Amino acid sequence: MNIYNFANIFKERGNWYKGCLHIHTTNSDGDLSPQEHASIYKEKGYDFLNFADHEKITFLDTEGRDEITTIPGIEISFEKYHLVVLNVEDEFDKNQFSHVQQIIDYARGKGGEVILAHPYWSSLSTEEVTSLQGLLGIEAFNGSAFLSIGKGNNEIYWDIALEKGIKLWGFCCDDSHYHFNEHRPVDTGYTWVMVKSNSLTPESLMESLRKGAFYSSYGPQIRNLEIQKESIYVETSPVSSITFIANSPLGERFASPQGREINWAQYQLKGGEKYIRVKCQDKFGRCAFLNPIFLED
């Protein structure tokens, strides 16, 4: 098997930067101003953000403040679809479009990239997801959807798309509104992407995001990846399981029979894998995801 179109972020030059790509403020339906929300993320160790207010571009006034990098963006809602658009600075009227695909095409024509947000929360069918073209990726996990109604995990959509040959990166996103109550934890700083980038500029970050040079998490760390001709080796922080997910019935899950934590696993290629992605899960049920490695005979 030959591995192609994969950026091994653990071998490439650059620095690690922690970011969140789906945040709301008082400019739409969030409870905090852009400055207030950015300050919390900065305190939590985040390096960059994308404000994805509904139908509105939000810019951060950093004068006199410790700066945090922002990628300009917006969230567009169209019928059942919610699209997080990165790297666009101008608002546009969604009512000029008759189909969601036209919005994706328009955003990309403006230099933007589009992530499909929370398809489980949106009650999208797998056909409605796999019919879309030109997406950068999908929210593999949406923190707010999980914390509010338990519909945050979107992996089934991701895998069905990958099995159909649709190449999507997987993102963990807060979708933060700073919502919480006595039985719901706050949705700010719950998830993140760890991006390997040459610099902390929007341009460099976007270059890394486009080629999949990141992993996503809401708990574990992924610390190393070794790709060999017939195997894939992963090191992580202590976790309960490490799973190599591929087109069915291939792939394999690794966990200790005694219930002890593990911090590495090695998968031997069986032949016939179209893609492999790595998921690790800790004892609290929190997960981290590597982007898929695509293979060909």
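All of the points below concern the structure found in this document. (Residues numbered from 1 in each chain as written. Predicted model: local features only at pLDDT ≥ 70, side-chain atom pairs only at ≥ 80, totals over all residues. Heavy atoms only, no water.)

When its secondary structure is counted, the chain shows six helices and 19 strands. Radius of gyration (C-alpha) of the chain: 19 Å, near the 19 Å computed for a compact globule of 297 residues. Each principal axis of the C-alpha distribution contributes one length, and for the chain these read about 50 × 40 × 40 Å. The long-range fraction of contacts in the chain, counting pairs at least 24 apart against all pairs at least 6 apart in sequence, stands at 62%. Split by element, the accessible area of the chain, about 13000 Å² in all, is 44% carbon and sulfur. With 28 positive and 41 negative side-chain charges, the chain shows a spacing of 7 Å between the two charge centroids. (Helix = DSSP H or I, 4+ residues; strand = E, 2+ residues; numbered from the N terminus. Rg over C-alpha atoms; globule rule 2.2 N^0.38 Å. Contact = heavy atoms within 4.5 Å. Areas by Shrake-Rupley, 256 points an atom, 1.4 Å probe, with all protein chains shown as cover. Lys, Arg positive; Asp, Glu negative; His and termini not counted. Charge placed at Lys NZ, Arg CZ, Asp CG, Glu CD.)

This part covers the state of the cysteines. A covalent bond bridging the sulfur atoms of two cysteines is what the word disulfide describes. Taken as a whole and judged by the stated rule, the model has zero disulfides. Of all cysteine sulfurs in the structure, the one in cysteine 20 sits closest to cysteine 173, which takes part in no disulfide; the separation is 6.1 Å. Residue classification places cysteine 173 among the buried positions, given a relative accessible area of 1%. Left without a disulfide partner, cysteine 280 is nearest to the cysteine sulfur of cysteine 287, which lies 7.5 Å away. (Disulfide = S-S within 2.5 Å. Buried < 20%, exposed > 50% of the residue type's maximum accessible area, 1.4 Å probe, protein only.)

This part covers helix H2 (residues 100-109). Considered for burial, the residues of H2 that qualify are Val100, Gln101, Ile103, Ile104 and Ala107. Buried residues along H2 cover an arc of 160° about the axis, so they all sit on one side. Phi for glycine 111, located one or two positions after H2, is positive at around 90°. (Arc of directions from axis to C-beta.)

What follows concerns the pairing of strand S3 (residues 48-51). As a general feature of sheets, a regular strand has side chains that alternate between the two faces. Residue alternation in S3 divides its side chains into two sets, Phe48 and Asn50 and Leu49 and Phe51, and both sets are buried. Here strand S2 (residues 15-23) runs beside S3; their pairing, made up of three bridges, is parallel. In the sheet register, cysteine 20 faces S3, and the bridge partner there is leucine 49. In this region the chain leaves S2, passes through helix H1 (residues 34-43) and returns to the parallel neighbour S3; the handedness of that crossover is right-handed. (Pairing = 2+ DSSP bridges. Right-handed = clockwise from strand over helix to strand, strands pointing away.)

On to the pattern of salt bridges. Overall, the coordinates contain eleven salt bridges when judged by the stated rule. Lysine 211 is the partner of glutamate 12 in a salt bridge, and the nearest nitrogen-oxygen pair spans 3.4 Å. Of this pair, glutamate 12 sits in the loop between strand S1 (2-4) and S2 while lysine 211 sits in the loop between helix H6 (202-210) and strand S11 (214-217), and the two are 199 residues apart along the sequence. (Salt bridge = Lys/Arg side-chain N within 4 Å of Asp/Glu carboxyl O.)

Bringing the sheet that holds strand S7 (residues 113-116) into the picture now. Pairing in this open sheet of five strands is mixed, and the strands run S5-S6-S7-S8-S9 from one edge to the other. Edge strands, defined here as strands with exactly one partner in the open sheet, are strand S5 (73-78) and strand S9 (169-173). Averaged over all pairs of adjacent strands, the angle between their axes in this sheet comes to 35°, without regard to strand direction. In this sheet, S7 lies alongside strand S6 (residues 81-86) in antiparallel orientation, the contact comprising four bridges. Opposite valine 85, over in S7, you have valine 114 as the bridge partner. Each of S5, S6 and S7 is contacted by H2, which is oriented at about 5° to S6, the strand it contacts most. The sheet strands contacting H6 are S6, S7 and S9, and the helix crosses S9 at an angle near 125°. (Axes fitted to C-alpha atoms, helices over the stretch in contact; angles between N-to-C directions.)

With respect to topology, three strands assemble into an open sheet ordered S12-S13-S16, the strand pairing being antiparallel. If you trace the sheet from one side to the other, it starts and ends with strand S12 (222-227) and strand S16 (262-268), each paired once. Across the sheet, the mean angle separating the axes of adjacent strands is 15° when strand polarity is ignored. Bridging between strand S13 (residues 231-239) and S16 involves six bridges; their strand directions are antiparallel. Within the sheet, the bridge partner assigned to serine 231 lies in S16 and is glutamine 268.

In this section: the pairing of S9. Among the five residues of S9, five are classified as buried, and the element is accordingly described as predominantly covered. Neither face of S9 is exposed, since Trp169, Phe171 and Cys173 on one face and Gly170 and Cys172 on the opposite face are all buried.

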